[in-house]
Amino acid sequence: MGNVAVVGAQWGDEGKGKIVDWLSERADVVVRFQGGHNAGHTLVIGNNTFKLSLLPSGVVRPGKLSIIGNGVVVDPWALLREIDEIAKQGVAVGPDRLRIAENACLILPLHARIDRAREESAGTRIGTTGRGIGPAYEDKVARRAIRVCDLADAKGLEERVENLLIHHNALLRGLGVEEIKFADIYQPLLDIAPRILPYADIVWRRLDEARRAGRRILFEGAQGHMLDVDHGTYPYVTSSNTHAGQAAVGSGIAMKQVGFVLGITKAYTTRVGSGPFPTEQDNDVGNLLGERGREFGTVTGRKRRCGWFDAVMVRQAVRVGGIDGIALTKLDVLDGMKSLDVCVGYRYGNRDYDYFPASRELEAGVEPIYETLEGWSQSTRGARSWADLPATAIKYIRRIEELIEAPVAMLSTSPERDDTILVRDPFEN
């Protein structure tokens, strides 16, 4: 029995929360390996709805070890707020339940200030959440970040904060924003250290021990393929790699141990924020998809842009990300639509493309080439077997499989976790 990595195959918001929760019941360890508290998962368990950003989805289930890997940038104050919030819902998260990589980098208040100041300044607006994720990753790459382990060394921490402010106050001056005082960063870190350090761990070693003991590990990604800093719609991307390869780098496990890669994919396409979106439907169709799918961001509450399924984009995610199978979500949102368009290529001028180009000019200017499929009038909501699905819905699924060159391993037909059709068990491959 192997491990499983769950990644988004579109622009995020594909319904990973439900799928990860479904899988986490069968896992022993659940690992977040990239991103920060800019990504959210909504879990519905019985009468409780949990909205998680930093915490791995397995944290709400007893007997599971949840891990925040070194590839995540951690806002310690946001993390503690999240821990306190789910404690109000009856889930106590102590160090026996949650471990944080000692070499994970921290998001500080100055990062959010810089994030917002840059977004408001002249130039390209990325549409970030303004929570400091990008600036925190910049500090990591520039080798000036403050890490979880640094909280244990007050003297060393003092030096690191001073070094950090040399860079960031110069940047703030250039943006016309008030500079940050040393005490405003250093003292809050000293104050919060006693609450964070009990969770710190040598995560790579703990994962190696779990693997050797035959425990099932579930790697939980955030965002999606088209938000990957290398392979997404740059610069309208997140600041980390969102692919399954990052599961290894961002947690400290060998690449060959990551296991089955499950790509989460909506039966249509959505996007939050700025950037190209070839199949976007800024019309009644888009409004209908948004209303039925309740397309609002878990973290920001921003309305998602909606459009037809883009098979070209998902096929690229499958090939680049090594996706072994997909979990197709929100099929029920398409119920009652007479016809469904699926993007099978792009056209720019007199040239056709069978891939999503990297050029910003092409990304913004390509027109989708559609194939129209028959819709269905019957309801698929709550279906738990293929026999419960209309024949035309099955044809739609089969055509998507052909176009993206990957099989459907799981099918979700409502937000309820049990409304899931399992075709291929990711843990058994």
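Preceding this paragraph is the structure being described.
Residues numbered from 1 in each chain as written. Predicted model: local features only at pLDDT ≥ 70, side-chain atom pairs only at ≥ 80, totals over all residues. Heavy atoms only, no water.

## A few points about the pairing of strand β1 (residues 4-8)
Within β1, five of the five residues are buried, leaving the element largely enclosed by the surrounding structure. Residue alternation in β1 divides its side chains into two sets, Val4, Val6 and Gly8 and Ala5 and Val7, and both sets are buried. Pairing between β1 and strand β11 (residues 260-266): five bridges, direction parallel. When the sheet's bridge partners are listed, valine 6 is paired in β11 with leucine 262. Judged from the three bridges that link them, β1 and strand β10 (residues 217-220) form a sheet pairing that is parallel. Looking at the pairing, valine 6 lines up with glutamate 220 of β10. (Buried < 20%, exposed > 50% of the residue type's maximum accessible area, 1.4 Å probe, protein only. Helix = DSSP H or I, 4+ residues; strand = E, 2+ residues; numbered from the N terminus. Pairing = 2+ DSSP bridges.)

## Things to note about the environment of threonine 420
Note on placement: threonine 420 falls in strand β20 (residues 420-422). Its relative accessible area of 9% is what places threonine 420 among the buried residues. Residues threonine 420 and leucine 328 lie 92 residues apart in sequence; the distance between their C-alpha atoms is 9.8 Å. Not counting chain neighbours up to four residues away, the residues in contact with threonine 420 comprise Lys18, Trp22, Ala383, Arg384, Met410 and Leu411. (Contact = heavy atoms within 4.5 Å.)

## What to know about the packing of aromatic side chains
Across all of its chains, the model carries six aromatic pairs by this definition. Geometrically, the ring pair formed by tryptophan 11 and phenylalanine 356 is edge-to-face, given 6.3 Å between the ring centres and 80° between the ring planes. Pair noted here: tryptophan 11 is in the loop between β1 and α1 (16-24) and phenylalanine 356 is in the loop between β17 (351-353) and α11 (360-365), with a separation of 345 residues, a long-range link. Side by side, tryptophan 11 and phenylalanine 356 carry an identical accessibility label, which is buried. Every member of this aromatic cluster is reached through a ring pair, and the members are Trp11, Phe277, Tyr346 and Phe356. Over the face of the ring belonging to tryptophan 386 we find arginine 398, whose NZ or CZ atom lies 4.7 Å from the ring centre. (Phe/Tyr/Trp six-rings, centres within 6.5 Å; stacked < 30°, edge-to-face > 60°. Lys NZ or Arg CZ within 6 Å of the ring centre and 35° of its normal.)

## So, the packing of helix α3 (residues 109-120) against helix α4 (residues 133-141)
Two measures define how a pair of helices packs: the angle their axes make with one another and the distance between the axes. Running from amino to carboxyl end, α3 crosses α4 at an angle of 115°, the nearest separation of the two axes being 7 Å. Once α3 is placed against α4, the crossing between them reads as right-handed. For the pair α3 and α4, contact is made by His111, Ile114, Asp115 and Arg118 and by Ile133, Pro135, Ala136, Glu138 and Asp139, respectively. Looking at the contact of α3 with α4 residue by residue, the classes come out as four nonpolar, one polar and four charged. (Axes fitted to C-alpha atoms, helices over the stretch in contact; angles between N-to-C directions. Left-handed = near helix turned anticlockwise from the far one by under 90°. Nonpolar A, V, L, I, M, F, W, Y, C, P; charged D, E, K, R; others polar.)

## Points about the pattern of salt bridges
Going through the model one piece at a time under the given rule, you end up with 27 salt bridges. Taking the shortest distance from any N to any O, the salt bridge between arginine 144 and aspartate 139 comes out at 2.5 Å. Across this residue pair, the class does not change: arginine 144 and aspartate 139 are buried. Residues arginine 211 and aspartate 208 are paired through a salt bridge, measuring 3.0 Å at the closest nitrogen-oxygen approach. Separated by three residues within a single helix, arginine 211 and aspartate 208 lie in helix α7 (residues 203-212), roughly one turn from each other. In this structure arginine 211 comes out as partly exposed when scored by relative accessible area, which is 28%. Among the charged side chains, a network of salt bridges with common partners joins Asp13, Lys266, Glu295, Arg304 and Lys330. (Salt bridge = Lys/Arg side-chain N within 4 Å of Asp/Glu carboxyl O.)

## Brief notes about the nonpolar core
Counting residues in hydrophobic clusters, the biggest one holds 92 residues, and the most contacted among them are Leu79, Leu189, Phe219, Leu334 and Tyr396. Every residue in contact with leucine 79, bar those within four places of it in the chain, is listed here: Leu54, Leu55, Ile68, Val74, Ile100 and Ile196. If you look at the next biggest cluster of nonpolar residues, it comprises 16 residues, including Val4, Trp22, Leu262 and Ala327. (Core = buried A, V, L, I, M, F, W, Y, C linked by side-chain atoms within 4.5 Å.)

## Points about α1
With respect to burial, α1 is a largely interior element, nine of its nine residues being buried. For α1, every residue scored as buried is listed here: Lys16, Gly17, Lys18, Ile19, Val20, Asp21, Trp22, Leu23 and Ser24.

## Looking at the sheet that holds β20
With respect to topology, ten strands assemble into an open sheet ordered β9-β7-β5-β2-β10-β1-β11-β15-β19-β20, the strand pairing being mixed. Two strands in the sheet have a free side with no partner beyond their single neighbour: β9 (200-201) and β20.

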